[in-house]
Amino acid sequence: MAESPKFTVVGVSERKVDGRALVTGKPVFAGDVELPGMLHVALLTSPVAHARIRSIDTAAAEAHPGVACVLTHHNTPAMRYTTAGQGAPEPSPYDTRMFDTKVRFVGDRVAAVAADTLSAAREAAALIAIDFEELTPVLSIDAALATGAPVIHDEDDCLDVWDAPHNVVSVIGAKVGDVAAGLAESAVTAETTIETQYAQHAPLEPHVVLSHLDPDGRLVILASTQVPFHVRRIVARLLDLPIHRVRVIKPRLGGGFGVKQEVLLEDVAALVTLRTGRPARLEYTREQEFVSARTRHPMRIRVRLGAGADGMLQAIGMDAISNTGAYGAHGLTVLSNTGSKTLPLYNKAPHLAFDGRVVYTTLPVAGAYRGYGGTQGSFALETAMDDLAERLGIDPVELRLRNHIRTGETSPIFEELGEGRKGTPQVITSCALEECLRRGAERFGWAERRARTPGAGALRRGVGMSAHMQGSGIALVDMASATISMNDDGSFTLFTGSTDLGTGSDTVLAQIAAEVLGVGVEAIVVVAADTDLTPFDTGAYASSTTYVSGKAVELAAMRVRDQILAVAGRILESDPTGLGIVEGHIEGPQRSVSLADIGKRSYYGPDPAQIAATASFVPESSPPPFMAAFAEVEVDVETGLIRVTDFLAAVDCGTPINPIMTEGQVEGAIANGIGYALTEEMQFTVRGRNRNPDLARYKIPGAVDLPPMTVMLIDSYEPTGPMGAKSVAEIGINGPLPAIANAVYHAVGIRLTRPPFTPEKVWRRLREAGV
């Protein structure tokens, strides 16, 4: 493993650069902005899961006082596109229209009304008369694939749908060796089938967008988005505008978790502004976040494992079917990650196979969600590994130690399975998973807790664990750029197109720049996520910001540093190659010069020239972070209630640029994962209507619901990353579901395969098992 160099700013828990504004309630979010003459937009959405619109009458709405604009399929663009905020050409199908003649889920767009007030807009929307021809809803994977199932996308202008007549959006597979033969030759086999649920991101801030025309008549969009440059491209194409006539600005974001990697409102607000010439505001209510935004993909996954008597894996087979809901945004890529972020973890098996299908249903649309398919795949693989360990008579930690990938190794899955395409060959350049497993187990007291008997009373305790990998950006696809310019007082302005969703990435990038330039974070001014002012960045997704955007910042800072040292060399009459910047000064043989002196000279000196540089970075690989997760649970066998009493995550993320924020990322992901494991589920009626579209009935864990959490950051250094860093934002969410399920088995002897593990479900399984 590469040795980590000594840093002065990186590796320090610096205060967030936006922290003061956030905690003092400054108006930094899109929803805080009010524009003169602003219209308010209300959406009318479908009350039925599947229907054609025979007719739509907007006369009463248009005549309602204060109404300025009504949009339907009659007066909006008819082109197909994808709402997925992905790089072009998008790997998601073009199966969506701005407003369509057919609705495909409860919550699908039907019309939009813009009026002087929000109440007027909502009143007018309620006056729109629609005649629906109701069609049979398709509410499950099995219903979608049944012979003679209703065809959800029967239009003839969709692009890149695999088999629309049979509701199959995408198909993907990878094969190495012969899994059937490997299983037959194995001394011990294990098999499991799991099925995961609909879950919503529930960011604190809902989707908000404001649009207006600037003095030159250009369209300006202020949006709570993770992908401002993708928003600009998609909206420009949809509304037939040159890209340079659209500006997208991302203010502070109140959480995203993937749901804001989508173009859901920007096109409507923008079209209202273009039609009326007035600013427009459109914001989802909390109910609309549940009904009309995006969700995690429900999946059914079967995993088959085979191993020799020595515990060495011989075969791994994974078959997955994903429910993408009414539209295919992110469907192919999420399913690809279900295999590509899990199967390489155990690279000793010579026989590997992944087979996946994505299907349409008439339920809410699934999209990007933290973990991005790896969460579902990890649940299946890691519970199967626990079962295999028991059948082999080997400790679960030891089984993983014998089989996991290591530094200098590769897996054929890297090449066989990319994000919706062929993958990229990759050799692991840093892996501290062995240390995660060993040190995590020791700190958790794994051996001692595992040896305890669960007890015979009503409350029984057990422990479980799991191992994980994720990725750092998308190799040969993601691109980030950064520009750094020096100011005349020796400070610097960092221009980055990256998107801080509340994760602290602006602070992390400032720390990287400060480290290279020999200054403190307070000397870096961050200007971010404005398509007019900042260079291109694909956006905040795929755990890419620290690794991809951070590397662009590091490269730009190195170029600026070289320019500074060249000027200093002339001033100090020294060879620049022998100079360095320490605490804002460059020391020469006889004297020193400050950055302020150099900044002033670069503006006003005898040979003035702006010190600035731009750099771009496209990763050739996606180095995985690794994690070992350990959970202790207490199961009440009389009620089925599961209480997580302890959770530990040992994480290899390379260099933690800001340790406290890194730990916070992991803790937040664990909390998110515990909710997904125990309480969170979107529920639907037999007609496809959401039964719990609010935070009173959709249960996310609060602080009092969470166990003590320990995050161990294991020493590691990624030689291809900025300052040795890899990603950390997503991997933590993958641990709770399998670790808790395995702990429940240790406690009471039942295998749970259908989250969330609610008391009623657990009680029924306990009764079935005779506990």
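From a predicted model like this one, the values you see are computed outputs, not experimental measurements. (Residues numbered from 1 in each chain as written. Predicted model: local features only at pLDDT ≥ 70, side-chain atom pairs only at ≥ 80, totals over all residues. Heavy atoms only, no water.)

Another point: the sheet that holds strand β21 (residues 585–587). Strand pairing in a sheet relies on backbone hydrogen bonds. The paired strands run either parallel or antiparallel. The 3 strands lie next to each other as β20-β21-β22, forming an open sheet whose pairing is antiparallel. Looking along the sheet, the strands with just one partner apiece sit at the ends: β20 (581–582) and β22 (592–594). Taken strand by strand, helix α16 (residues 545–572) contacts β20, β21 and β22, and its axis lies near 50° from that of β21. (Pairing = 2+ DSSP bridges. Helix = DSSP H or I, 4+ residues; strand = E, 2+ residues; numbered from the N terminus. Contact = heavy atoms within 4.5 Å. Axes fitted to C-alpha atoms, helices over the stretch in contact; angles between N-to-C directions.)

What follows concerns unusual backbone geometry. That bond from A88 to P89 is cis: its omega, -5°, falls within 30 degrees of zero. Structurally, P89 is set in the loop between β3 (67–71) and β4 (102–103). The residue after P755, namely P756, is reached through a cis peptide bond having omega 0°. Along the chain, P756 turns up in the loop between α19 (736–748) and α20 (759–768). For D240, which is not a glycine, the phi torsion comes out positive at approximately 60°.

Scanning the model with the defined rule gives 9 aromatic pairs in all. Geometrically, the ring pair formed by Y198 and F684 is edge-to-face, given 5.2 Å between the ring centres and 70° between the ring planes. With Y198 in the loop between β8 (188–195) and β9 (208–213) and F684 in the loop between α18 (659–678) and β26 (709–713), this pair connects stretches of sequence that are 486 residues apart. The class for Y198 is buried, based on a relative accessible area of 6%. Their ring planes at 65° and their centres at 5.8 Å tell us that W446 and F630 sit as a pair that is edge-to-face. Residue W446 is found in helix α14 (residues 446–451), and its partner F630 is found in strand β24 (residues 626–636); the two are separated by 184 residues along the sequence. Each member of the pair, W446 together with F630, is buried. Cluster of aromatic residues (ring-pair linked, three or more members): F444, W446 and F630. (Phe/Tyr/Trp six-rings, centres within 6.5 Å; stacked < 30°, edge-to-face > 60°. Buried < 20%, exposed > 50% of the residue type's maximum accessible area, 1.4 Å probe, protein only.)

Per the counting criterion, the structure on display carries 0 disulfides. Just so you know, C431 is unpaired, no disulfide at all, and the nearest cysteine sulfur is the one on C436, 7.7 Å from it. What makes C431 buried here is its relative accessible area of 8%. (Disulfide = S-S within 2.5 Å.)

A separate point is the domain arrangement of the protein. As far as domains go, the protein holds domain 1 (19–27 + 479–617), domain 2 (33–135 + 204–255 + 260–291) and domain 3 (299–474 + 621–768). The centre of domain 1, based on its C-alpha atoms, is set 38 Å off from the matching centre of domain 2. The interface is formed by 21 residues belonging to domain 1 together with 21 residues belonging to domain 2. Carbon and sulfur atoms supply 51% of the area buried between domain 1 and domain 2, which totals about 1,600 Å² over both sides. Where domain 1 touches domain 2, the interface holds 5 salt bridges. (Domains from an automatic or database assignment. Buried area = accessible area lost by both parts, 1.4 Å probe. Salt bridge = Lys/Arg side-chain N within 4 Å of Asp/Glu carboxyl O.)

This part covers the pattern of salt bridges. Applying the stated criterion across every chain, the model contains 50 salt bridges. The shortest N-O distance in the salt bridge between E434 and R406 comes to 3.9 Å. With E434 in helix α13 (residues 433–444) and R406 in the loop between α11 (396–403) and α12 (412–416), this residue pair connects regions lying 28 residues apart in the sequence. Judged by its relative accessible area of 29%, E434 falls in the partly exposed class. Its relative accessible area of 24% is what places R406 among the partly exposed residues. The salt bridge partner of D607 is R601, with a shortest N-O separation of 3.2 Å.

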